Amino acid sequence: MGLRALVGTEGAGGFYQARHVQHDACPTMVVPALSALVHELSGHNVQAAVDELLRSDWSRLYALPGTGIAGHLVGVPSPADGEPLRGHITTENAGDREWAYLFGGHRLHVYLGVFPEVGPKRWRPWACWSVHELPSLRLDEVLTVQKAGYSTQWRAADYRQHMAAVREHIKEVAAR
């Protein structure tokens, strides 16, 4: 599986309801698709867009520029008989997902899954844009957010491995 994510909504206090995106769920793919969904396909209606997102899990979400309104958003649904995932974004484990895209009010909140020194991957607030500015959001700004996210994940993984080696070395020294 490559670059999994959540898409959905975030309510008061950080409680979310979301569906999976299984592949290619990096910001440069998903943010333009969410913009097209809200502004072109749902007539600027965030709730209608969220309703569509929560209808099923998704294999992929992406926008095809220049194909017109009817074909702009290509969503490949995944079979999902279950209910959307629900939880609290600050306490929920990110699991094997890298990103979460949650609409809250008039904003799109982006979270990054990052491993702490020990324990499961956690969600970290990463970016936030007004829903109204999404159509004019420059792709290079989204790419910068994406690259910084991957850099943070790599540094966190390196630090985690380093600290595990330090703890192991301390155990060896203490056992002598």
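Residues numbered from 1 in each chain as written. Predicted model: local features only at pLDDT ≥ 70, side-chain atom pairs only at ≥ 80, totals over all residues. Heavy atoms only, no water.

Caption draft 1: Spotlight on helix α1 (residues 27-41). Look at α1: 19 Å from first C-alpha to last across 15 residues, which is about the 21 Å you get at 1.5 Å a residue. α1 sits mainly inside the fold: 11 of its 15 residues count as buried. Residues of α1 that are buried: Pro 27, Thr 28, Val 30, Val 31, Ala 33, Leu 34, Ser 35, Ala 36, Leu 37, Val 38 and His 39. Just downstream of α1, Gly 43 is the residue with a positive phi angle, here 60°. (Helix = DSSP H or I, 4+ residues; strand = E, 2+ residues; numbered from the N terminus. Expected span 1.5 Å × (residues − 1). Buried < 20%, exposed > 50% of the residue type's maximum accessible area, 1.4 Å probe, protein only.)

Caption draft 2: Focus on the pairing of strand β1 (residues 4-10). Buried residues dominate β1, accounting for six of its seven residues. In terms of strand pairing, β1 meets strand β6 (residues 97-104) through six bridges, oriented parallel. Bridge assignment links Thr 9 to a residue of β6, and that residue is Phe 103. Where β1 meets strand β2 (residues 15-21), six bridges bridge the pair, whose relative direction is antiparallel. Residue pairing for β2: Thr 9 is matched across the bridge by Gln 17. The antiparallel pairing of β1 with β2 creates a hairpin that spans four residues between the two strands, and Gly 13 there sits at a positive phi of about 75°. (Pairing = 2+ DSSP bridges.)

Caption draft 3: Layout of the packing of α1 against helix α2 (residues 46-53). Running from N to C, α1 and α2 cross one another at 125°; their axes reach a closest spacing of 8 Å. Classed by the angle they form, the pair α1 and α2 counts as oblique. Considering the relative orientation of α1 and α2, their crossing is right-handed. Across the interface between the two elements, Leu 34, Leu 37 and Val 38 of α1 pack against Val 46, Ala 49, Glu 52 and Leu 53 of α2. Looking at the contact of α1 with α2 residue by residue, the class counts come to six nonpolar, no polar and one charged. (Axes fitted to C-alpha atoms, helices over the stretch in contact; angles between N-to-C directions. Parallel < 35°, antiparallel > 145°, perpendicular 65-115°, else oblique. Left-handed = near helix turned anticlockwise from the far one by under 90°. Contact = heavy atoms within 4.5 Å. Nonpolar A, V, L, I, M, F, W, Y, C, P; charged D, E, K, R; others polar.)

Note that all results are geometric; they support no functional claim without further evidence.
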